[in-house]
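A closer look at the structure
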Amino acid sequence: MDIESFESLSMIVGVGGLIGFMIFIIWDLAKESKAGRFGTLILFSVLGLCLLGFIIKTVLVEVIG
């Protein structure tokens, strides 16, 4: 395995892990604040937009470049 493929794989695993951890943090925040179903939906919608933006940016960079 050359360094380029290792870095690419490490980036995918690392960013995927961080996204999973952020989802856990949002879920834990909703649980600890007793937000209810609507509050949890709002938390995931608003705080999840940054994750969606990152994913869209990554896809666009791959498609364009």
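This text goes with the structure placed above it.
Parameters at a glance
- Residues numbered from 1 in each chain as written.
- Predicted model: local features only at pLDDT ≥ 70, side-chain atom pairs only at ≥ 80, totals over all residues.
- Heavy atoms only, no water.
- Helix = DSSP H or I, 4+ residues; strand = E, 2+ residues; numbered from the N terminus.
- Rg over C-alpha atoms; globule rule 2.2 N^0.38 Å.
- Buried < 20%, exposed > 50% of the residue type's maximum accessible area, 1.4 Å probe, protein only.
- Areas by Shrake-Rupley, 256 points an atom, 1.4 Å probe, with all protein chains shown as cover.
- Lys, Arg positive; Asp, Glu negative; His and termini not counted.
- Charge placed at Lys NZ, Arg CZ, Asp CG, Glu CD.
- Expected span 1.5 Å × (residues − 1).
- Contact = heavy atoms within 4.5 Å.
- Phe/Tyr/Trp six-rings, centres within 6.5 Å; stacked < 30°, edge-to-face > 60°.

Section: the overall build of the protein
Of regular secondary structure, the protein possesses 2 helices and 0 strands. Over its C-alpha trace the protein gives a radius of gyration of 16 Å, far above what one expects of a compact globule, namely 11 Å for 65 residues. Projecting the C-alpha coordinates of the protein onto the three principal axes gives extents of approximately 50 × 25 × 10 Å. The buried share of the protein, reckoned over its 65 residues, is 11%. By element, 75% of the accessible surface of the protein is carried by carbon and sulfur atoms, the whole surface being about 5400 Å². Between the averaged position of the 4 positive side-chain charges in the protein and that of its 6 negative side-chain charges there is a distance of 23 Å.

Brief notes about helix H1 (residues 3–32)
Residue pairs three or four apart in sequence face the same way in an α-helix, which turns once every 3.6 residues. When the terminal C-alpha atoms of H1 are compared, their 42 Å separation across 30 residues agrees well with the 44 Å that a helix rising 1.5 Å per residue should span. Ile 19, Ile 26 and Ala 30 are the residues of H1 that are buried. Looking at the buried positions of H1, the neighbouring elements they touch are helix H2 (36–64). Downstream of H1 by a residue or two, Lys 34 has a phi angle that is positive, lying close to 55°.

Regarding the packing of aromatic side chains
For the structure on display, the rule yields 2 aromatic pairs. Aromatic side chains Phe 21 and Phe 24 sit 6.4 Å apart centroid to centroid with 25° between the ring planes, which places their arrangement in the stacked category. Linking Phe 21 with Phe 24, this pair stays in helix H1, spanning 3 residues, or about one helical turn. According to the relative accessible area criterion, Phe 24 is partly exposed, its value standing at 43%. Summarising the aromatic geometry, the rings of Phe 24 and Trp 27 are spaced 6.1 Å apart at their centres and angled 40° between planes, so their arrangement reads as tilted. Highlighted residues: Phe 24 and Trp 27, both in helix H1, separated by 3 residues, approximately one helical turn. Relative accessible area serves as the criterion here: at 42%, Trp 27 is assigned to the partly exposed category. Taken together, the ring pairs connect Phe 21, Phe 24 and Trp 27 into an aromatic cluster.

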